[in-house]
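One-letter residues, chain by chain:
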Amino acid sequence: MIDVGVIGYGYWGPNLVRNFVSSPSTRVAMVCDRDPARLEKVASLYPAIRLTRSPDELIADPEVAAVVIATPVEGHYPLALAALQAGKHVLVEKPIASTADEAARLIDEADKRGLVLAVDHTFVFTGAVRKMRELVRTDAFGPVRYYDSTRVNLGLFQHDVNVLWDLAVHDLSIMQYVLDRQPVEVSATGHSHIPGQPEYAAFLTLFFGEDLIAHINVNWLSPVKIRRTLVGGDRQMIVYDDLETSEKIKLYDKGITVSETPEQVHKLLISYRTGDLWSPKVADAEALSVEAEHFAACIRGEEQPIVSGVAGLQVLRILEAADQSMTNRGEPVAL
Ligand SMILES: NC(=O)c1ccc[n+]([C@@H]2O[C@H](COP(=O)([O-])OP(=O)(O)OC[C@H]3O[C@@H](n4cnc5c(N)ncnc54)[C@H](O)[C@@H]3O)[C@@H](O)[C@H]2O)c1
């Protein structure tokens, strides 16, 4: 049994505590929140868990072997660094830190001490996203040509981060896992008509070289909720709709064939091919329970983090480049 301490019991922390409590590999030894009302909530649900308002006390506790950090982003770096320096394994919420430099520092610290540093990119542990990764790797799918994701709803306006940092971080982590490729250049535009507030709508284009392009559309001011991703391969295409209760993934056997016309060799003829549509079975285990088991296996040395500190850093680099591009009305920024 691995003893875990969780810092931050606001909106997301309770999901982490519930899953680490129910995991056969872990036990939640202690929960920390600076707000006593949140700790009362923990006490009413889990009377055996020790409570503290001090992150230092949790990090120093000899029983705690791994620290899970679910505070707002500005707390991620100082708390993760302190936990690593105290010799604890760390699972930190997304985004890993506030800057790429901070993320790099955390990676160094974990490497130096031989500790696990993992980032909670939760979607990567869903059955649907795992299935997408599996499908795009088949010969039947063909090389991926485009990735296009929409994540919009009438969302909670954040005051400290723009919509890219809040929502696109999910798409970037999914895309990173599914494509297993890093973009070379990004361009972003965004908008806010409310003075002093961060952009609530943004459009991010990612260039991967000649053969692949990706686009992410995120918005807190949409009248409808859309969570839809298209992945286009040479021979097959995927539609992933996260709002579907069943059939989240649909695989279309559609594509085009490009050939030269016999009369004019310099003119290309595009013909369309339509085949079957099917919806593969997707594992329905809760993502955080899969992730809790995986984190425990990493600590035992049996697995390597699927979302490592490096993966968290790569996402941050894209977000920072996107911010830079957005201030210059979409001017491309090399990565
Ligand atoms: N993986 C996901 O899908 C997902 C979903 C939602 C939020 N999150 C992430 O989870 C993190 C927390 O988000 P949230 O919506 O739960 O925030 P929240 O504000 O609802 O909760 C944060 C809690 O942390 C406590 N806290 C803050 N700083 C602290 C400190 N230094 N010491 C002790 N307690 C402290 C606060 O009192 C609060 O109870 C964020 O990083 C967010 O990006 C991830």
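**Details of the pattern of salt bridges**
1) Next: One pass over the full model with this rule turns up 18 salt bridges.
2) Next: In this structure, Arg27 and Asp3 form a salt bridge, with 3.0 Å as the shortest nitrogen-oxygen distance. Residue Arg27 is located in strand 2 (residues 26–32), and its partner Asp3 is located in strand 1 (residues 2–7); the two are separated by 24 residues in the primary sequence.
3) Next: Since its relative accessible area comes to 9%, Asp3 is described here as buried.
4) Next: Between Arg50 and Asp61 there is a salt bridge, with the nearest N and O atoms lying 2.8 Å from each other. In this pair, Arg50 sits in strand 3 (residues 50–52) while Asp61 sits in the loop between helix 3 (55–60) and strand 4 (66–69), placing the two residues 11 residues apart along the sequence.
5) Next: Exposure remark for Arg50: the relative accessible area of 34% places this residue in the partly exposed category.
6) Next: Given a relative accessible area of 10%, Asp61 falls into the buried group.
7) Next: Salt bridges sharing common partners tie together Arg105, Glu109, Lys112 and Arg113.

**Focus on the nonpolar core**
1) Next: Formed by 83 residues in total, the largest nonpolar core has its most connected members in Met132, Leu164, Leu172, Leu204, Leu206, Ile238 and Tyr240.
2) Next: Looking at this core, the element that brings in the most residues is helix 7 (residues 163–179), giving 12 residues.
3) Next: Every residue in contact with Leu204, bar those within four places of it in the chain, is listed here: Leu164, Leu172, Val186, Ser187, Ala188, Ala214, His215, Ile216 and Ala322.
4) Next: With 25 residues, the next largest nonpolar core counts Val4, Val6, Ala66 and Phe295 among its residues.

**Overview of the packing of helix 5 (residues 100–113) against helix 9 (residues 309–327)**
1) Next: At a closest axis distance of 9 Å, the pairing of helix 5 and helix 9 adopts a crossing angle of 170°. Classified by the angle between their axes, helix 5 and helix 9 sit roughly antiparallel to one another. In this structure, helix 5 uses Ala100, Ala103, Ala104 and Ile107 to contact helix 9, whose residues at the interface are Gly309, Val310, Leu313, Leu316, Arg317 and Glu320.
2) Next: Residue classes in the contact of helix 5 with helix 9 are distributed as 7 nonpolar, 1 polar and 2 charged.

**So, the site of the ligand**
1) Next: Around the ligand, the structure places 21 residues, and the nearest of them are Trp12, Asp33, His76, Lys94 and Thr122.
2) Next: Arg34 places a polar main-chain atom, nitrogen or oxygen, 3.1 Å from a nitrogen atom of the ligand.
3) Next: In isolation the ligand exposes 850 Å². Once the protein is present, 78% of that is buried.
4) Next: A breakdown of the residues in the shell around the ligand according to their chemical character gives 8 nonpolar, 6 polar and 7 charged.

**Re the packing of helix 4 (residues 76–85) against helix 5**
1) Next: Put simply, helix 4 and helix 5 touch, their axes get as near as 10 Å, and they point 10° apart. One way to sum up the angle between helix 4 and helix 5 is to call them roughly parallel. Contacts between helix 4 and helix 5 pair Tyr77, Ala80, Leu81, Leu84 and Gln85 from the former with Glu102, Arg105, Leu106, Glu109, Ala110 and Arg113 from the latter.

**Remarks on unusual backbone geometry**
Leaving glycine out, the prevailing phi sign among residues is negative, and the prevailing peptide bond configuration is trans.
1) Next: In this structure, the amide linkage connecting Lys94 to the following residue, Pro95, adopts the cis form with an omega of -15°.
2) Next: With respect to the helices and strands, Pro95 occurs in the loop between strand 5 (89–93) and helix 5.
3) Next: Positive phi, close to 55°, is recorded for Asp180, a residue that is not glycine.
4) Next: Here Asp180 shows up in the loop between helix 7 and strand 8 (185–191).
5) Next: Of the residues examined, Asp180 reaches a relative accessible area of 51% and is grouped as exposed.
6) Next: Positive phi, normally seen in glycine, also occurs at Arg329, with a value near 50°.
7) Next: Structurally, Arg329 is set in the loop between helix 9 and strand 15 (333–334).

**With respect to the packing of aromatic side chains**
1) Next: As enumerated under the stated definition, the model contains 2 aromatic pairs in all.
2) Next: Aromatic side chains Tyr11 and Trp12 sit 5.9 Å apart centroid to centroid with 45° between the ring planes, which places their arrangement in the tilted category.
3) Next: Here Trp12 falls in the partly exposed class, since its relative accessible area comes to 27%.
4) Next: An angle of 80° between the planes, with centres 6.2 Å apart, marks the rings of Phe20 and Phe295 as edge-to-face. Taken together, the residues span a long stretch of sequence, with Phe20 in helix 1 (residues 13–22) and Phe295 in helix 8 (residues 287–299) at a distance of 275 residues. Each of the two residues, Phe20 as well as Phe295, counts as buried.
5) Next: Cation over ring: Arg133 sits above Tyr177, and NZ or CZ is 4.6 Å from the ring centre.
6) Next: Lying over the aromatic face of Phe123, Arg151 brings its terminal NZ or CZ to 4.9 Å of the ring centre.

What counts and how
Residues numbered from 1 in each chain as written. Predicted model: local features only at pLDDT ≥ 70, side-chain atom pairs only at ≥ 80, totals over all residues. Heavy atoms only, no water. Salt bridge = Lys/Arg side-chain N within 4 Å of Asp/Glu carboxyl O. Helix = DSSP H or I, 4+ residues; strand = E, 2+ residues; numbered from the N terminus. Buried < 20%, exposed > 50% of the residue type's maximum accessible area, 1.4 Å probe, protein only. Core = buried A, V, L, I, M, F, W, Y, C linked by side-chain atoms within 4.5 Å. Contact = heavy atoms within 4.5 Å. Axes fitted to C-alpha atoms, helices over the stretch in contact; angles between N-to-C directions. Parallel < 35°, antiparallel > 145°, perpendicular 65-115°, else oblique. Nonpolar A, V, L, I, M, F, W, Y, C, P; charged D, E, K, R; others polar. Near = heavy atom within 4 Å. Polar contact = N/O pair within 3.5 Å; in protein donor to acceptor, adjacent residues only side chain to side chain. Areas by Shrake-Rupley, 256 points an atom, 1.4 Å probe, with all protein chains shown as cover. Phe/Tyr/Trp six-rings, centres within 6.5 Å; stacked < 30°, edge-to-face > 60°. Lys NZ or Arg CZ within 6 Å of the ring centre and 35° of its normal.

Everything listed here is a matter of coordinates, which is why it stays silent on function.
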